[in-house]
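Summary of structural features
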Amino acid sequence: MTDEVQASFDARATRYDENRRNLIPNFDEYYRIGVDALAYEGISPRVLDLGGGTGLSTSYLLERYPEARVTLLDFSEEMLAIARERFRDNPNIGFAVGDYRVFRPAETFDIVISGLSIHHLSTQEKRDLAVSIFGVLTPTGEFVNADLVRCADEHLEQKMHRHLHAFMRATMSADEVEHFIVSQRIDRPEPLEDQLDFLHSAGFTVAECLYRYWIYGVFYGRK
Ligand SMILES: C[S@@+](CC[C@H](N)C(=O)[O-])C[C@H]1O[C@@H](n2cnc3c(N)ncnc32)[C@H](O)[C@@H]1O
């Protein structure tokens, strides 16, 4: 599955940013609500962006913390190439090519963020990753994950997808919608309660779902 995920993002990197707003309702709220919830009050947090890709999540983090020192970690060189260009004038942004399932940084971070990435992992990998994230955070560290959520009930799950497809058809061609549906075959989203359990089980004292709309959810954890 890893090779398939990496290859998929390498292949669509140059066009990745083009249609994100057509895929995600309430786009700005989805990316801002987790950043807004952060308790960190300093000016220059150390931040790790897991699956940072083209830098969308980091760009929203920088709206609130323009002087943040961010490391974007991603195993797609092609996605990171877009992010390098996006942040070329910001010396506080660093890039690491690698798989976050095995990446063990020597430093700690005040904040870990992730956007639409962790749902590619298996259930056990998600549990293990939550433990790793807990381990790289400072004692008051926080984690924000804007990701996918699955309904445990299949009827409701299908309904969420039908709503989303209707939303996409308002601005995208039938071919583009079909292309998106095909790209979803590498997604492995989890139910909301399970995602909260991953955080609690890893040791987070606060674990909340801050936002949910159709298949999209935003999760927050604090040590
Ligand atoms: C849908 S993109 C999201 C990019 C960005 N965070 C955003 O919100 O637009 C998912 C990114 O996660 C990366 N990714 C997925 N699994 C990964 C892993 N195990 N290690 C590192 N990067 C991973 C992919 O290469 C891709 O760039």
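Whatever comes next refers back to the structure up there.
Heads up: these notes are all about the structure in this document. (Residues numbered from 1 in each chain as written. Predicted model: local features only at pLDDT ≥ 70, side-chain atom pairs only at ≥ 80, totals over all residues. Heavy atoms only, no water.)

A closer look at the site of the ligand
Just so we agree on the cut-off: If even one non-hydrogen atom of a residue comes within 4 Å of a molecule or strand, that residue is called near it. Polar contacts, as used here, are pairs of N or O atoms within 3.5 Å; protein pairs need one atom able to donate a hydrogen and one able to accept it. Residues neighboring in sequence count only if both atoms are side-chain atoms. Here the accessible surface of atoms and residues is derived via Shrake-Rupley with a 1.4 Å probe, and residues count as covered only by protein chains that are part of the display. Here a cavity means grid points, on a 1 Å grid over the protein atoms only, where a 1.4 Å probe fits yet cannot get out; a pocket means an open set of points with protein on both sides within 12 Å along at least five of seven lines; lining residues are those with an atom within 4 Å of a point. For this analysis, a molecule is said to be in a pocket or cavity if more than half of its atoms are within 2 Å of the grid points defining it.
Close to the ligand lie 21 residues, the nearest being Y16, Y31, D74, G115 and S117. Between a nitrogen atom of the ligand and a main-chain N or O atom of G115, the distance comes to 2.9 Å. Computed on the free molecule, the ligand has an accessible area of 600 Å², of which 98% lies beneath the protein chains in the complex. Here the ligand is seated within the largest cavity.

Comments concerning the environment of R20
Rules: Segments assigned H or I by DSSP are reported as helices when at least four residues long, segments assigned E as strands when at least two residues long, and all are numbered from the N terminus. Residue burial is assigned from relative accessible area. The probe radius is 1.4 Å, only protein chains are included, and a residue is buried under 20% of its type maximum, exposed over 50%, and partly exposed in between. Any two residues whose heavy atoms approach within 4.5 Å are treated as being in contact.
One can find R20 in helix 2 (residues 20–23). Take R20: its relative accessible area is 11%, and that puts it in the buried class. In this structure, the C-alpha to C-alpha distance between R20 and L56, residues 36 residues apart in sequence, is 9.8 Å. Residues in contact with R20, not counting those within four places in the same chain, are F27, L56 and L116.

Topic: the nonpolar core
Here is the rule: Residues belong to one nonpolar core when they are buried, are Ala, Val, Leu, Ile, Met, Phe, Trp, Tyr or Cys, and are joined through side-chain atoms within 4.5 Å.
Grouped together as the largest cluster of nonpolar side chains are 46 residues, with contacts concentrated most on I24, Y30, Y31, L38, L61, V70 and Y216. If sequence neighbours within four positions are ignored, L38 has contacts with L61, R64, Y65, I111, E142, V144 and Y220. Core analysis: the next-biggest nonpolar cluster, separate from the first, contains 24 residues, Y100, V136, F143 and F219 among them.

Overview of the pattern of salt bridges
Test applied: Only one rule defines a salt bridge in this text: a Lys or Arg side-chain nitrogen within 4 Å of an Asp or Glu carboxyl oxygen.
Evaluated as defined, the whole model comprises 11 salt bridges. With its nearest N and O atoms 2.7 Å apart, the salt bridge here joins E190 to K126. In this pair, E190 is assigned in strand 6 (residues 190–191) and K126 in helix 6 (residues 123–136), connecting sequence segments 64 residues apart. The pair formed by E190 and K126 is uniform in burial state, with each residue classed as buried. Salt-bridge contacts for R127 lead to D197; the nearest nitrogen and oxygen are separated by 2.8 Å.

A closer look at the layout of surface pockets
As a reminder, the rule being used: Grid points are joined across faces, edges and corners, and a volume is the space filled by probe spheres set on the points.
Put simply, the largest pocket is a space of about 510 Å³. Lining the largest pocket are 21 residues, and of these R12, N19, R20, L23 and F180 lie nearest its centre. Counting residues per element, the ones that place at least two in the lining of the largest pocket are helix 1 (2–12), helix 2 and helix 8 (174–183). In terms of residue count, helix 8 provides more of the lining of the largest pocket than any other element does, 4 residues in total. Within this model, the second largest pocket holds a volume of roughly 160 Å³. Around the second largest pocket sit E4, S8, A11, R12, H179, V182, S183, R185 and I186, which together line it. In terms of residues, the lining of the second largest pocket owes the most to one element, helix 1, which gives 4 residues.

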